[in-house]
Amino acid sequence: MALTIYSRNYLKTIFQRVLTSKSTNTCFYSDTAEDGDETQETPIDPSKDRTKVIPVETSIRYLQSKAYKQTYGDKPVWFLYRRNHKGAFAPRKTRRTCVRNGIISTGNPCPICRDEYLVLDPRNTGLLEQFISEYTGQILDSFKTGLCQKKHKDLLVAIEKAWDEGNLTYDVPFRVYDYSVYNKSHEQSQ
């Protein structure tokens, strides 16, 4: 019996809850148990709260706004992002996710998670084109862009849907071959 009380108290200290106050619509972070012996609640920083859903139309308007141009300029959103890592070489895999329980859980979130107005959607072609190579037409790797694995998977799904719906086009380059190099009979007939 002492073991179960110890393990229950241990689990209460390990697991932390996110409470939502219905009167003010403010999220609070709580270390307390359900019994409510200690009621110390610290408000969550609104810049880290990702529970609010941003419509795609707002994201598209944001990509043409002065605030976006001032923040990113003419470069893609991932261009100025630098991953934090230990050692000289970055690991091949990026972190699994930046947002846990609706809150940014890391100090250096990926380019999509850090800006709440960047929404990955097949209709948001201005954002999706930034993650497609201009030389090959292939989707850039998360190692290069710095996206977390969750957002990279969402990016792949959004680009595939945009290709299927016709919002994004991909060009297959036309190549001119000199068949005389490969076919000797073609050269002799001339």
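No experiment lies behind these values; they were computed from the predicted model shown.

Conventions we followed
- Residues numbered from 1 in each chain as written.
- Predicted model: local features only at pLDDT ≥ 70, side-chain atom pairs only at ≥ 80, totals over all residues.
- Heavy atoms only, no water.
- Helix = DSSP H or I, 4+ residues; strand = E, 2+ residues; numbered from the N terminus.
- Buried < 20%, exposed > 50% of the residue type's maximum accessible area, 1.4 Å probe, protein only.
- Contact = heavy atoms within 4.5 Å.
- Patch = residues over 30% accessible without salt bridge, like charges linked within 9 Å, V, L, I, M, F, W, Y side chains within 5 Å.
- Areas by Shrake-Rupley, 256 points an atom, 1.4 Å probe, with all protein chains shown as cover.
- Salt bridge = Lys/Arg side-chain N within 4 Å of Asp/Glu carboxyl O.
- Lys, Arg positive; Asp, Glu negative; His and termini not counted.
- Charge placed at Lys NZ, Arg CZ, Asp CG, Glu CD.
- Polar contact = N/O pair within 3.5 Å; in protein donor to acceptor, adjacent residues only side chain to side chain.
- Phe/Tyr/Trp six-rings, centres within 6.5 Å; stacked < 30°, edge-to-face > 60°.
- Lys NZ or Arg CZ within 6 Å of the ring centre and 35° of its normal.
- Core = buried A, V, L, I, M, F, W, Y, C linked by side-chain atoms within 4.5 Å.

### Quick notes on the overall build of the protein chain
Right, on to step 1. Per the secondary structure count, the protein chain includes eight helices and five strands.
Right, on to step 2. Order of helices (α) and strands (β) in the protein chain, N terminus to C terminus: α-β-β-β-α-α-β-β-α-α-α-α-α.
Right, on to step 3. Burial statistics for the protein chain: of 190 residues in total, 31% are counted as buried.
Right, on to step 4. Counting contacts in the protein chain only where the partners sit at least 6 residues apart, residues at least 24 apart contribute 58% of the total.

### Description of a positive patch on the surface
Right, on to step 1. Together, Lys93, Arg95, Arg96 and Arg100 make up a region of like positive charge exposed at the surface.
Right, on to step 2. Summarising the element assignment, Arg96 is placed in the loop between α3 (66-72) and β4 (99-100).

### Digging into a nonpolar patch on the surface
Right, on to step 1. A contiguous nonpolar patch, built from Tyr177, Tyr179, Val181 and Tyr182 and spanning about 520 Å² of accessible area, is present on the exposed surface.
Right, on to step 2. Positionally, Val181 belongs in the loop between α7 (149-165) and α8 (184-188).

### Looking at the side chain of Arg50
Right, on to step 1. Within the element layout of this structure, Arg50 appears in the loop between β3 (41-43) and α2 (56-63).
Right, on to step 2. Polar contacts involving the side chain of Arg50 include one to the main-chain carbonyl oxygen of Ser47, which spans 3.0 Å.
Right, on to step 3. At 3.1 Å, the side chain of Arg50 and the backbone oxygen of Cys113 are in polar contact.
Right, on to step 4. Once residues within four sequence positions are removed from consideration, Arg50 is found in contact with Val99, Gly102, Ile104, Cys113, Arg114, Asp115 and Glu116.

### Description of the packing of aromatic side chains
Right, on to step 1. Considering all chains together, one arrives at five aromatic pairs under this definition.
Right, on to step 2. Judged by centre distance (6.3 Å) and plane angle (50 degrees), the ring pair of Tyr177 and Tyr179 falls under tilted.
Right, on to step 3. Through pairs of rings, three or more aromatic residues link up here, namely Tyr62, Tyr68, Tyr72 and Tyr117.
Right, on to step 4. Sitting above the plane of the Phe143 ring, Arg92 keeps its charged end 4.1 Å from the centroid.

### Concerning the nonpolar core
Right, on to step 1. Grouped together as the largest cluster of nonpolar side chains are 25 residues, with contacts concentrated most on Ile112, Leu118, Leu127, Leu128 and Phe131.
Right, on to step 2. Among the elements of the structure, α2, α3, α4 (111-114), α5 (125-128) and α7 are those that each provide at least two residues to this core.
Right, on to step 3. Counting residues per element, this core draws most heavily on α7, at five residues.
Right, on to step 4. For Leu128, the contacting residues outside a window of four places in its chain are Leu120, Asp121, Pro122, Leu155, Ala158, Ile159, Ala162 and Leu168.

### Here's the deal with unusual backbone geometry
Right, on to step 1. Positive phi values are uncommon outside glycine, yet Asn101 reaches one of about 55 degrees.
Right, on to step 2. Within the secondary structure, Asn101 sits in the loop between β4 and β5 (103-104).

### What to know about the environment of Ile159
Right, on to step 1. In this fold, Ile159 is placed in helix α7.
Right, on to step 2. On the accessibility criterion, Ile159 (0% relative accessible area) is buried.
Right, on to step 3. Expressed as a C-alpha distance, the spacing of Ile159 and Ile139, which sit 20 residues apart in the sequence, is 8.4 Å.
Right, on to step 4. Ignoring anything within four residues of it in the chain, the contact list for Ile159 reads Leu128, Ile132, Ile139 and Leu168.

### Remarks on the environment of Pro46
Right, on to step 1. Along the chain, Pro46 falls in the loop between β3 and α2.
Right, on to step 2. Along the chain, Pro46 and Ile103 lie 57 residues apart, while their C-alpha atoms are 9.2 Å from each other.

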